[in-house]
Amino acid sequence: MQKPQTFQNVNVPNPVKKPRGKIVKIQLTEEQKEEIKHILAGHPPKKVRDRYEKNGITDINLMKYRPPGKRNRLDAVRKIVGGLCCTCGNFNTHVVKYKTQGITIVERYCSEHVPDMI
Ligand SMILES: [Zn+2]
């Protein structure tokens, strides 16, 4: 009697164990931290401030600028910090990199959810 055939895809590689990741804390420069504060407060971004400062206006209240909505402000901050925590969606403060099979997997975490690997 013939054995029943089972579905087997020979092209699927064997699963590999997830390697140990390397945690990297994101280091923001003072300038970037300052810019994040400005963005969240709805102040003009550096590009706009520079233009006004070139003309001698340094008071942000005198600069004509329509602040973006909350969502766009958060988007702008996300561009600076790199991304969002994959657990809670807050801004990431840590990046975990796994090197496996010639590729690098990047996971982003906030300081609360960064996994313990030590
Ligand atoms: Zn988180």
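Scroll up for the structure.
Basis of the calculations
- Residues numbered from 1 in each chain as written.
- Predicted model: local features only at pLDDT ≥ 70, side-chain atom pairs only at ≥ 80, totals over all residues.
- Helix = DSSP H or I, 4+ residues; strand = E, 2+ residues; numbered from the N terminus.
- Rg over C-alpha atoms; globule rule 2.2 N^0.38 Å.
- Buried ≥ 20, exposed ≤ 12 C-beta atoms within 10 Å, placed from the backbone.
- Contact = placed C-beta atoms within 7 Å.
- Pairing = 2+ DSSP bridges.
- Axes fitted to C-alpha atoms, helices over the stretch in contact; angles between N-to-C directions.

### Focus on the overall build of the chain
If you tally the helices and strands in the chain, you get 3 helices and 3 strands. Seen in sequence order, the chain has helices and strands lined up from the N terminus as β-α-α-α-β-β. Against the globule reference of 13 Å for 118 residues, the chain gives a C-alpha radius of gyration of 23 Å, more extended than a compact globule. For the chain, the spread of C-alpha atoms along the principal axes amounts to about 90 × 35 × 25 Å. Across the 118 residues in the chain, those meeting the buried criterion constitute 3%. Across the chain, contacts joining residues at least 24 apart in sequence account for 48% of those joining residues at least 6 apart.

### Things to note about the sheet that holds strand 1 (residues 22–25)
One open sheet accounts for 3 strands, arranged 1-2-3; its pairing is antiparallel. Of all the strands in the sheet, just strand 1 and strand 3 (103–109) have a single pairing partner and so form its edges. Neighbouring strand axes in the sheet, compared pairwise and without regard to direction, differ in orientation by 25° on average. Bridge count between strand 2 (residues 94–100) and strand 3: 7 bridges; the pairing is antiparallel. Its bridge partner lying in strand 3, Lys99 is registered against Thr104.

### So, unusual backbone geometry
Generally, phi is negative for residues other than glycine and the peptide bonds are trans, each holding for most cases. Not every positive phi belongs to a glycine, and Gln101 is a case in point at roughly 50°. Note on placement: Gln101 falls in the loop between strand 2 and strand 3.

### A word on helix 2 (residues 46–54)
For helix 2, a buried count of 0 out of 9 residues is recorded, marking the element as mostly open to its surroundings. Among the residues trailing helix 2, Gly56 stands out with phi positive, at a value near 90°.

### Focus on the pairing of strand 2
As paired strands, strand 1 and strand 2 are joined by 4 bridges and run antiparallel to one another. Bridge assignment links Lys25 to a residue of strand 2, and that residue is His94. Taking the residues that link successive antiparallel strands as the turn, the strand 2-strand 3 hairpin has 2 residues, and the phi of Gln101 there is positive, at about 50°.

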